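Results of the structural survey
In case you want the letters, here they are:
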Amino acid sequence: MPYADSVVKNSLAKRHVIDIQVIPAQQLTSTDQQSIRDLCAQAFGEDVWCDYGYLNSAFHVIGRQDDQIVSHALWTDRILSLAGRAPLKTAYVEYVATEPSMQGQGLASQLLRFLVSYIQNEQLLRTQLKVDELYQLAALAPEDSEFYQRLGWELWLGDLSIRQNGENIATPEDDVMVYRLSCTPKFAVTEDLSAEWREGEWW
Ligand SMILES: CC(C)(COP(=O)(O)OP(=O)(O)OC[C@H]1O[C@@H](n2cnc3c(N)ncnc32)[C@H](O)[C@@H]1OP(=O)(O)O)[C@@H](O)C(=O)NCCC(=O)NCCS
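Residues numbered from 1 in each chain as written. Predicted model: local features only at pLDDT ≥ 70, side-chain atom pairs only at ≥ 80, totals over all residues.

**Some remarks on the overall build of the protein**
- Counting its regular elements, the protein contains four helices and eleven strands.
- Taken over the C-alpha trace, the protein has a radius of gyration of 17 Å; the compact-globule value for 203 residues is 17 Å, and the two agree within 12%.
- Across its three principal axes, the protein shows a C-alpha extent of roughly 50 × 35 × 30 Å.
- Put simply, of all contacts in the protein between residues at least 6 apart along the chain, 66% involve residues at least 24 apart. (Helix = DSSP H or I, 4+ residues; strand = E, 2+ residues; numbered from the N terminus. Rg over C-alpha atoms; globule rule 2.2 N^0.38 Å. Contact = placed C-beta atoms within 7 Å.)

What follows is the structure, given as structure tokens:
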């Protein structure tokens, strides 16, 4: 089984035990793909899955109980930049969802803690995902920032923009949160932050 040694058992307070795995999008089975899409639809209350090209290179973090996917998150690689500084290789997190009947039992918190620990583990990244360049930041656009704040994510307070064709397009309506990793350079959340353009939702 791919990445078997990345599977961990988590004993949760309400006797729920889940396996957590990281699986690159290209190695997901079609059954898992459909289960993730269904899980997100149930959690968000509508089919939110978009078949954007960048999701083909996503890394899925999957929590299973009795072989059923009960919680999910993914990250894709993006380049975020602080004004006037070197660009940062960023793990951009999306599609965080827990099956409605399993919510409130710590599953998504477990997955997110696992995710930030995994993307800082040089050896796992190299051997399991064939990723050589380390992540310098994690980021996401929250539906509601409180849940992530409790897990150590910080709301960006400075100006946000998207870089396209050499221009910066301001995105003042968006909320972005960041997580500082072991090799994140020092910064203040009041600085200006930008990301490269992508299809679909910019943040
Ligand atoms: C948000 C979500 C992923 C949390 O999953 P979960 O497995 O229930 O999360 P956990 O059990 O680890 O944490 C739940 C805690 O976060 C809180 N929480 C959940 N959603 C929240 C939200 N939108 N805002 C603030 N707090 C939230 C819960 O009240 C709970 O608090 P408690 O432990 O004090 O009772 C889940 O509610 C979900 O799938 N929501 C719909 C999809 C969604 O909004 N995803 C996030 C997109 S950014």
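**A short note on the nonpolar core**
- In this structure, Ala73, Val93, Leu115, Ala138, Ala139 and Val178 are the most contacted members of the largest nonpolar core, which totals 49 residues.
- Among residues more than four places away in sequence, those in contact with alanine 139 are Leu80, Thr90, Tyr92, Val176, Met177 and Val178. (Core = buried A, V, L, I, M, F, W, Y, C linked by C-beta atoms within 7 Å. Buried ≥ 20, exposed ≤ 12 C-beta atoms within 10 Å, placed from the backbone.)

**Some words on helix α1 (residues 30-44)**
- For α1, spanning 15 residues, the distance from its first C-alpha to its last is 21 Å, which sits close to the expected 21 Å at 1.5 Å a residue.
- Looking one or two places after α1, you find glycine 45, whose phi comes out positive at around 80 degrees. (Expected span 1.5 Å × (residues − 1).)

**Structural notes on unusual backbone geometry**
- One non-glycine residue, aspartate 66, lies in positive phi territory at about 50 degrees.
- Along the polypeptide, aspartate 66 turns up in the loop between β3 (59-65) and β4 (68-82).
- Positioned with a positive phi, asparagine 165 is a non-glycine residue whose angle comes to about 50 degrees.
- Inspection of the secondary structure puts asparagine 165 in the loop between β8 (160-164) and β9 (167-170).
- Given 6 C-beta atoms within a 10 Å radius, asparagine 165 is considered exposed.

**Section: the site of the ligand**
- In the region of the ligand, 18 residues are neighbours, and Thr98, Gln103, Ala108, Ser109 and Asp144 sit closest.
- For the shell around the ligand, the secondary-structure elements that each account for two or more residues are α1, β5 (88-98), α2 (107-118) and α4 (145-149).
- Classifying every residue of the shell around the ligand gives eight nonpolar, seven polar and three charged. (Near = placed C-beta within 6 Å. Nonpolar A, V, L, I, M, F, W, Y, C, P; charged D, E, K, R; others polar.)

**A closer look at the pairing of strand β6 (residues 137-140)**
- Residues of β6 alternate between two faces, with Leu137 and Ala139 on one and Ala138 and Leu140 on the opposite face, all of them buried.
- Pairing analysis gives four bridges linking β5 to β6, with the strands arranged parallel. When the sheet's bridge partners are listed, valine 93 is paired in β6 with leucine 140.
- Sheet analysis places β6 next to strand β10 (residues 177-179), joined by three bridges and oriented antiparallel. By the bridge assignment, leucine 140 is partnered in β10 with methionine 177. (Pairing = 2+ DSSP bridges.)

**Quick notes on the environment of leucine 115**
- Take leucine 115: it is sitting in helix α2.
- It is 9.6 Å that separates the C-alpha atoms of leucine 115 and alanine 138, two residues lying 23 residues apart in sequence.
- Excluding its chain neighbours within four sequence positions, the residues that come into contact with leucine 115 are Val61, Ala73, Trp75 and Val93.

**Observations concerning α2**
- A rise of 1.5 Å per residue sets the reference length of α2, with its twelve residues, at 16 Å; its end C-alpha atoms lie 16 Å apart and thus fit the reference within 8%.
- Looking only at α2, the buried set comprises Leu107, Ala108, Gln110, Leu111, Leu112, Leu115, Val116 and Tyr118.

**A word on the pairing of β3**
- Counting buried residues along β3, five of its seven residues qualify, which places the element largely inside the surrounding structure.
- Relative to β4, β3 runs antiparallel, the two being bridged by seven bridges. Bridge pairing links glycine 63 to serine 71 in β4.
- Counting the residues between successive antiparallel strands, the hairpin from β3 to β4 contains two residues, one of them, aspartate 66, with a positive phi of roughly 50 degrees.

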